[in-house]
Amino acid sequence: MQTNFLSQQFNAGSLAENSTACPANATICDGTSCVLPDDNFNQTLSVVLSTVLTIMLALVMFSMGCNVEIKNFLGHIKRPWGIFVGFLCQFGIMPLTAFLLSLAFNILPIQAVVVMIMGCCPGGTASNVIAYWVDGDMDLSISMTTCSTLLAMGMMPLCLFIYTKMWTDADAIVLPYNSIGLSLVALVIPVSFGIFVNHKWPSKAKIILKVGSIVGAVLIVLIAVVGGILYKGSWVITPKLWIIGTIFPAAGYTLGFFLARLAGLSWNRCRTVSLETGMQNTQLCSTIVQLSFTPEQLELMFTFPLIYSIFQLLFALLILGGYRLYRRHHVKTESDVEKKEQKEDSKSSAKINGGFVPDEMK
């Protein structure tokens, strides 16, 4: 009954603003977006790549765990101020931002719902890889991702109930608790093995970490490319969702960083919280969307999770590039200061050494 209500609500004159033509073989096309029929190639490719990506993801999370000190990790659990700040960002800032963007752009109710679902999702594992490359607090990053995934089982229904009731009945949204549970297991088990390896064989853990960080970077790009191939039939979509998909992750990164700074966290933890806030579990969002809506409704918002994932990756790479440039200049400046201090120390002790100053200090 709810589905029929939604269909009637969205079909009455809501598609007039879009006039882009769809491909001739599209199974669903009302001028807003299109969904192409599945073919055997796509189905086979999906199975193969899903298997490969799952294995790669487990290896990456194992390597990320190799950078976690069990003492520091337990310290974050016992004194969870950083985790609490991340919780406020993840289930406070992001759903509210999604709600405000939906209102500001006056998008269709079904599109507002998918934006809200994205805003209520927990953090994605890609944030752990980027956090490593920007010298973030890996202990905090792993603990935040784990806790947000665990808390999502309760916080997602609550946030969706609060924010989506003006557009639809929250009962119409199917939350795949099995998928959330699998995400949690796929995160906790490899990370636990990594923490154990780091505790027992720290020298080997460093090697594993370097290899895993490179594999992780490749994995992030590969997921984006695979998404573009598998969902190539649904790229024609209202420009408003493209704009929201661009603004949303940028707002998450920015607001997360400033809230962490206001909370008094150190700079490396601010970077960590920022990444955990802006990088959402887009795969979970896609699963919820596909389970909750009919094909006729999917064509209005099917691609939004992919749009978000592309721009969250793009902005994360910009953050990484900016930090690396800053760090290169910062490290150079620090080395110059150290040389100057060493030179002054040598000159100040020249009288004691009979006036001798090493050539490299002159």
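In this numbering scheme, every chain counts its residues from 1 along its sequence in written order. Where totals are concerned, whole chains, interfaces and linings use all residues; where local detail is concerned, this predicted model gives features only for residues with pLDDT of at least 70, and gives and counts side-chain atom pairs only at 80 or more. The basis for every side-chain value is the complete set of non-hydrogen atoms in the structure, without hydrogens or water.

Student: Before we go on, may I ask you to explain the nonpolar core in this structure?
Tutor: Grouped burial of nonpolar side chains is what soluble globular proteins tend to show. What we call a nonpolar core is a set of buried Ala, Val, Leu, Ile, Met, Phe, Trp, Tyr and Cys residues that are connected through their side-chain atoms within 4.5 Å. Any residue under 20% of the maximum accessible area for its type is buried, any over 50% is exposed, and the rest in between are partly exposed; the area is computed with a 1.4 Å probe on protein chains only. Judged by nonpolar contacts, the single largest core of 37 residues is most densely connected at Val115, Met116, Ile117, Met156, Phe248 and Phe304. A run of H or I in DSSP becomes a helix once it reaches four residues, and a run of E becomes a strand once it reaches two; helices and strands are each numbered from the N terminus. Of all the secondary structure elements, the ones that give two or more residues to this core are helix H4 (81-105), helix H5 (109-120), helix H7 (138-164), helix H10 (239-262), helix H12 (282-292) and helix H14 (304-348). Here the element with the most residues in this core is H5; it accounts for 9 residues. Any two residues having at least one pair of non-hydrogen atoms within 4.5 Å are treated as being in contact. Sequence-distant contacts of Phe304, that is, excluding residues within four places in its chain, are made with Val114, Val115, Met118, Leu241, Ile244, Gly245 and Phe248. Counting 22 residues, the second largest nonpolar core, distinct from the first, contains Met61, Met64, Ile130 and Ala316.

Student: Is there a simple way to think about the side chain of Ser141 in this case?
Tutor: If you trace the backbone, Ser141 turns up in helix H7. Accessibility expressed as a relative area gives 0% for Ser141, which makes it buried. A polar side-chain atom of Ser141 sits 2.8 Å from a polar atom in the side chain of Asn128. When residues no more than four places from it in sequence are discounted, the contact partners of Ser141 are Ser127, Asn128, Ala131, Thr272 and Glu276. Each polar contact in these results corresponds to two N or O atoms within 3.5 Å; when the atoms are within protein, one needs to be able to donate a hydrogen and the other to accept it, and residues that are neighboring in sequence are counted only if both atoms are side-chain atoms.

Student: Would you mind showing me how to read the UniProt feature "transmembrane region" (unreviewed entry) in the protein chain here?
Tutor: UniProt positions are given in the numbering used here, feature names are shortened, and annotations may be inferred rather than shown by experiment. Look at the UniProt record and you will see "transmembrane region" (unreviewed entry) annotated at residues 45-63, 83-105, 112-134, 140-163, 175-195, 207-229, 241-260 and 306-326. Secondary structure content for residues 112-134 is 74% helix and 0% strand, while the C-alpha to C-alpha distance between its ends is 33 Å. Helix makes up 100% of residues 140-163 and strand 0%, and the two end C-alpha atoms of the span are 29 Å apart.

Student: How do you make sense of the packing of aromatic side chains when you look at a structure like this?
Tutor: Any pair of aromatic rings gets described here by the distance separating the centres and the angle formed by the planes. Side-chain rings of Phe, Tyr and Trp, where Trp is taken by its six-membered ring, are said to pair if the distance between their centres is within 6.5 Å; with planes under 30 degrees apart they count as stacked, over 60 as edge-to-face, and otherwise as tilted. Tallied over the entire structure, the rule returns 9 aromatic pairs. Geometrically, the ring pair formed by Trp242 and Phe311 is edge-to-face, given 6.4 Å between the ring centres and 90° between the ring planes. Linking Trp242 in helix H10 with Phe311 in helix H14, this pair joins segments that are 69 residues apart in sequence. Residue classification places Trp242 among the partly exposed residues on the basis of a relative accessible area of 28%. Over the aromatic face of Trp267 sits the side chain of Arg261, whose NZ or CZ is 3.7 Å from the ring centroid. By definition here, charges over rings are those cases where NZ of Lys or CZ of Arg is within 6 Å of the ring centre and within 35 degrees of the ring normal.

Student: Explain the side chain of Asp137 to me, please; I cannot follow it from the model alone.
Tutor: When you line up the elements, Asp137 lands in the loop between helix H6 (126-133) and H7. Residue classification places Asp137 among the buried residues on the basis of a relative accessible area of 8%. From its side chain, Asp137 meets the backbone nitrogen of Asp139 in a polar contact 3.1 Å long.

Student: Just checking my understanding: could you explain H7 for this structure?
Tutor: Owing to its 3.6 residues per turn, the α-helix brings residues three or four apart onto one side. With 27 residues, H7 extends only 34 Å from end C-alpha to end C-alpha; this falls clearly short of the ideal 39 Å at 1.5 Å per step. Fitting one axis to the seven residues ending at a residue and another to the seven starting there, the bend at that residue is the angle between the two axes. At Ala152, H7 is bent by approximately 55°, the largest bend along its length. Taking burial as the measure, the 27 residues of H7 include 19 buried ones, the bulk of the element. Capping the start of H7 is the job of one residue whose side-chain oxygen sits 3.1 Å from the backbone nitrogen of Asp139: Asp137. Any helix carries an expected span of 1.5 Å times its number of residues minus one.

Student: What am I meant to see in unusual backbone geometry here?
Tutor: Despite not being glycine, Asn106 has its phi angle at roughly 50°, a positive value. Structurally, Asn106 can be placed in the loop between H4 and H5. Here Asp135, not a glycine, exhibits a phi torsion of approximately 55°, which is positive. As for its placement among the helices and strands, Asp135 is situated in the loop between H6 and H7. With relative accessibility at 30%, the residue Asp135 sits in the partly exposed group.

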